[in-house]
Amino acid sequence: MKVALVQRLDDWAEYNLDELEELCRSAGYTPVYKLVQRRPPHSKYMIGPGKVEELRRAVKSLKIEKIVTENELKPVQEYNLAKALSIPVITRTQLILETFARRAASTEAKLQIKLAELQYELSRAKEKVRLAKKGEQPGFHGLGAYEADVYYNEVFRRISTIKQKLKQIRMRKNLVRQRRLEGGLPTVALTGYTNAGKTTLFNRFSGEEHPAGPQLFTTLSTTARIVKFRGRKAYLSDTVGFIKNLPHLLVESFHSTLSEFIYADLLLLVVDISEEKSVVESKLNTCLNVLDEVGVKNVPILVVFNKIDAASDYQEKIESINPEFRYVAVSAWTGQGLDTLEESVADMMGGYIRVRAQLENGQTTPSLLNEIKQFCNILKIEYNSSGYEIECETPLQLAEKIKRLAAEFHVV
Ligand SMILES: Nc1nc2c(ncn2[C@@H]2O[C@H](COP(=O)(O)OP(=O)(O)OP(=O)(O)O)[C@@H](O)[C@H]2O)c(=O)[nH]1
Ligand SMILES: [Mg+2]
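Residues numbered from 1 in each chain as written. Chains lettered and ligands numbered in written order. Predicted model: local features only at pLDDT ≥ 70, side-chain atom pairs only at ≥ 80, totals over all residues. Heavy atoms only, no water.

**Q** Kindly report on the pairing of strand E11 (residues 352-360), identifying the contributing residues and their values.
**A** Pairing of E11 with strand E13 (residues 387-395), which is carried by nine bridges, proceeds in the antiparallel orientation. Looking at E13, one finds that Arg356 is bridged to Glu391. Bridging between E11 and strand E14 (residues 408-411) involves four bridges; their strand directions are antiparallel. Paired with Gln358 across the two strands is Glu408, which belongs to E14. (Pairing = 2+ DSSP bridges. Helix = DSSP H or I, 4+ residues; strand = E, 2+ residues; numbered from the N terminus.)

**Q** Please give an account of the packing of helix H14 (residues 365-375) against helix H15 (residues 396-405) that cites residues and values.
**A** For the pair H14 and H15, interaxial distance at closest approach is 11 Å and the crossing angle is 150°. Judged by the angle between their axes, H14 and H15 are roughly antiparallel. For the element pair H14 and H15, the recorded crossing hand is left-handed. Side by side, H14 and H15 meet where Leu368, Glu371, Ile372 and Phe375 of the first sit next to Leu398, Lys401, Ile402 and Leu405 of the second. Of the residues that constitute the contact of H14 with H15, the class distribution is six nonpolar, no polar and two charged. (Axes fitted to C-alpha atoms, helices over the stretch in contact; angles between N-to-C directions. Parallel < 35°, antiparallel > 145°, perpendicular 65-115°, else oblique. Left-handed = near helix turned anticlockwise from the far one by under 90°. Contact = heavy atoms within 4.5 Å. Nonpolar A, V, L, I, M, F, W, Y, C, P; charged D, E, K, R; others polar.)

**Q** Residue-level account of the coordination of the magnesium ion (ligand 2), with values.
**A** When four donors bind a metal tetrahedrally, each ideal donor-metal-donor angle is 109.5 degrees, and when six bind octahedrally, the ideal angles are 90 or 180 degrees. Taken together, the protein donors to the magnesium ion (ligand 2) comprise Thr199 (OG1) and Thr219 (OG1), at separations of 2.0 Å. Within this pair, whereas Thr199 is found in helix H8 (residues 198-206), its partner Thr219 is found in the loop between H8 and strand E6 (223-229), the two being separated by 20 residues in sequence. There is no split in this pair, since Thr199 and Thr219 are both buried. (Donors = N, O, S within 2.8 Å, 3.2 Å for Na, K, Ca; no water. Buried < 20%, exposed > 50% of the residue type's maximum accessible area, 1.4 Å probe, protein only.)

**Q** Can you break down the packing of aromatic side chains residue by residue, with the values?
**A** Per the stated rule, a full pass over the model turns up seven aromatic pairs. Geometrically, the ring pair formed by Tyr79 and Phe140 is edge-to-face, given 5.1 Å between the ring centres and 90° between the ring planes. With Tyr79 in helix H3 (residues 75-85) and Phe140 in the loop between helix H6 (125-132) and helix H7 (148-183), this pair connects stretches of sequence that are 61 residues apart. The same class applies to Tyr79 as to Phe140, namely buried. Lys126 extends its terminal NZ or CZ atom over the ring of Tyr152, reaching a point 4.5 Å from the ring centre. Sitting above the plane of the Phe140 ring, Lys128 keeps its charged end 5.3 Å from the centroid. (Phe/Tyr/Trp six-rings, centres within 6.5 Å; stacked < 30°, edge-to-face > 60°. Lys NZ or Arg CZ within 6 Å of the ring centre and 35° of its normal.)

**Q** Explain the side chain of Ser331 to me, using residue names and the numbers behind them.
**A** Looking at the secondary structure, you find Ser331 in the loop between strand E10 (326-329) and helix H13 (338-348). Within the local environment of Ser331, its side chain forms a polar contact with the backbone nitrogen of Thr334, the two atoms lying 3.0 Å apart. In this structure Ser331 touches Asn306, Lys307, Ile308, Asp309, Gln336 and Leu338, once residues within four positions along its chain are discounted. (Polar contact = N/O pair within 3.5 Å; in protein donor to acceptor, adjacent residues only side chain to side chain.)

**Q** Would you mind going over the nonpolar core in detail, with residue names and values included?
**A** Counting residues in each nonpolar core, the largest one holds 55 residues, and the members touching the most others are Leu95, Phe100, Phe217, Leu267 and Ile273. Contacts of Leu95, omitting those with residues within four sequence positions, involve Leu20, Leu23, Cys24, Ala27, Tyr29, Val68 and Ile90. Ranked by size, the runner-up nonpolar core spans 41 residues in total, among them Leu190, Ala234, Leu268 and Leu398. (Core = buried A, V, L, I, M, F, W, Y, C linked by side-chain atoms within 4.5 Å.)

**Q** How would you explain the site of ligand 1 if you had to name every residue and give the values?
**A** Surrounding ligand 1, one finds 22 residues, the nearest of these being Lys198, Thr199, Thr200, Thr218 and Asp309. Between ligand 1 and Pro214, the relevant distance is 3.3 Å, taken from an oxygen atom to a main-chain nitrogen or oxygen of the residue. Interatomic distance of 3.2 Å between a side-chain N/O atom of Ser331 and an oxygen atom of ligand 1. Relative to its unbound accessible surface of 650 Å², ligand 1 loses 92% to contact with the protein. Top contributing element to the shell around ligand 1 by residue count: H8, with three residues. Counted by class, the shell around ligand 1 contains seven nonpolar, twelve polar and three charged residues. (Near = heavy atom within 4 Å. Areas by Shrake-Rupley, 256 points an atom, 1.4 Å probe, with all protein chains shown as cover.)

**Q** Could you give an account of the pattern of salt bridges, with specific residues and numbers?
**A** According to the stated counting rule, one finds 26 salt bridges in the structure shown. Here Glu53 ties to Arg57 by a salt bridge, and the two come within 3.6 Å at their closest N and O atoms. Here Glu53 and its partner Arg57 are both found in helix H2 (residues 49-62), four residues apart, which amounts to about one turn of the helix. Under the relative-accessibility criterion, Glu53 is labelled partly exposed at 32%. Here Arg356 makes a salt bridge to Glu391, at a shortest N to O gap of 3.3 Å. Of this pair, Arg356 sits in strand E11 while Glu391 is found in strand E13, placing the two residues 35 residues apart along the sequence. (Salt bridge = Lys/Arg side-chain N within 4 Å of Asp/Glu carboxyl O.)

**Q** Account for the domain arrangement of the protein, naming residues and giving values.
**A** What the domain assignment reports for the protein is domain 1 (2-91), domain 2 (107-165), domain 3 (185-348) and domain 4 (352-411). Counting from both sides, the interface comprises six residues of domain 3 and, opposite them, seven residues of domain 4. Both faces combined, the contact of domain 3 with domain 4 buries some 630 Å², and carbon together with sulfur accounts for 52% of it. Together, Leu185, Arg232 and Lys233 form the three largest contributors to the area buried by domain 3 at its contact with domain 4, with a combined 70%. At the surface where domain 3 touches domain 4, the tally comes to one salt bridge. (Domains from an automatic or database assignment. Buried area = accessible area lost by both parts, 1.4 Å probe.)

**Q** Residue-level account of the packing of helix H4 (residues 92-103) against helix H5 (residues 107-122), with values.
**A** Relative orientation of the contacting elements H4 and H5 amounts to 155°, with a least axis distance of 10 Å. Taken together, the axes of H4 and H5 are roughly antiparallel relative to one another. Helix-helix and strand crossings are classified by hand; for H4 and H5 the assignment is left-handed. Between H4, through Thr93, Gln94, Leu97, Phe100 and Ala101, and H5, the contact on the second element is made entirely by Ile113, Ala116, Glu117 and Tyr120. Here the contact of H4 with H5 is composed, by residue class, of six nonpolar, two polar and one charged.

**Q** An account of the environment of Ser259 is requested, with residue identities and associated values reported.
**A** Note that Ser259 resides in the loop between helix H10 (255-258) and strand E8 (266-272). Given the relative accessible area of 10%, Ser259 is considered buried. Note: C-alpha distance between Ser259 and Leu291 (32 residues apart in sequence) is 9.2 Å. When sequence neighbours within four positions are dropped, the list of residues in contact with Ser259 reads Arg177 and Val294.

Have a look at this one:
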């Protein structure tokens, strides 16, 4: 479907249609026309009436079927534009919601997106019905038949139903998280801007092949696997990426997914260093802001500058960015730097101590030994007449148990 991109810029704002173009492609649209105007918002159309006329001619000659605006629109502006152009008009927020809706695979992701869509609709519901009564335009179909309050209440009711369903899923997930915590393995979470290479790194460490690709928002739900960093096991998770002006509604709806970060022992904040310095900086800041908004505090962060194979000047770039966090530079493609990454993760994720223990032959020993094999990094294991002598790096919780059951126990 052919679309036109529209952006209104305030005096101080920077031109930024490249990302909107990427988002359109990821949503399956073909951008064929761009219109940028620097002016204060026009109350009727957001852009000026002269530009609307220009757009109308382009729509006709290029057979454009939809308009996508970088700016948010008031319902009345959306209505007037749709009326003047006779095609639907959507905003960046709706485009992101559409992309998510198309890609969502898990029930939870689907519900989260529906919730975000409905919340967006709720804030505009009454105004939209009122406008639709003036004569329906593309994007307002069917609404004219409603009373404003009835439509509002219906959207509200659907929101409540979805929230209820999400609550049940969340309770189940909390149980899974609880069990993970009981296992005592640290959790390491991949996070970062969309398309930074999170899944490519996840695949490298897990040896699996989850979809990774150049479209934005390839990953929408969370995957976690037990992965070894220098012999120390941890849960490594990969999830949805961030984007600038991430609609607030999405952050809210995805809260349970994003809250994984609050409970992590270490965050790997992946940043694409192959882009221009200003872009790298702005994306890094976006991520830090979203993490803050989600409520992540006191979780150590390791910045992973990825794609160094595509950035010959990456060292200077990183130096001039001067990140306030510990960082490593890697290429998930060529494998360069992954050793250092692994070492830094093992060093930073914490949650392990090194112990030496003597386990006597006895009833509890085989099952304890199994747990040790499953969760610890075993450095030495020797069988002697009375049982096993073991030296290992163990998660703290398991260390407590070993201490309780072992005949001898030392932290080394
Ligand atoms: N040149 C280069 N490209 C890379 C590297 N790592 C990942 N990519 C490419 O970057 C694109 C995005 O990679 P993904 O792993 O899907 O990124 P993501 O962060 O998981 O993205 P989303 O799930 O869409 O948010 C893909 O086309 C990858 O092939 C790298 O080290 N070098
Ligand atoms: Mg991904």
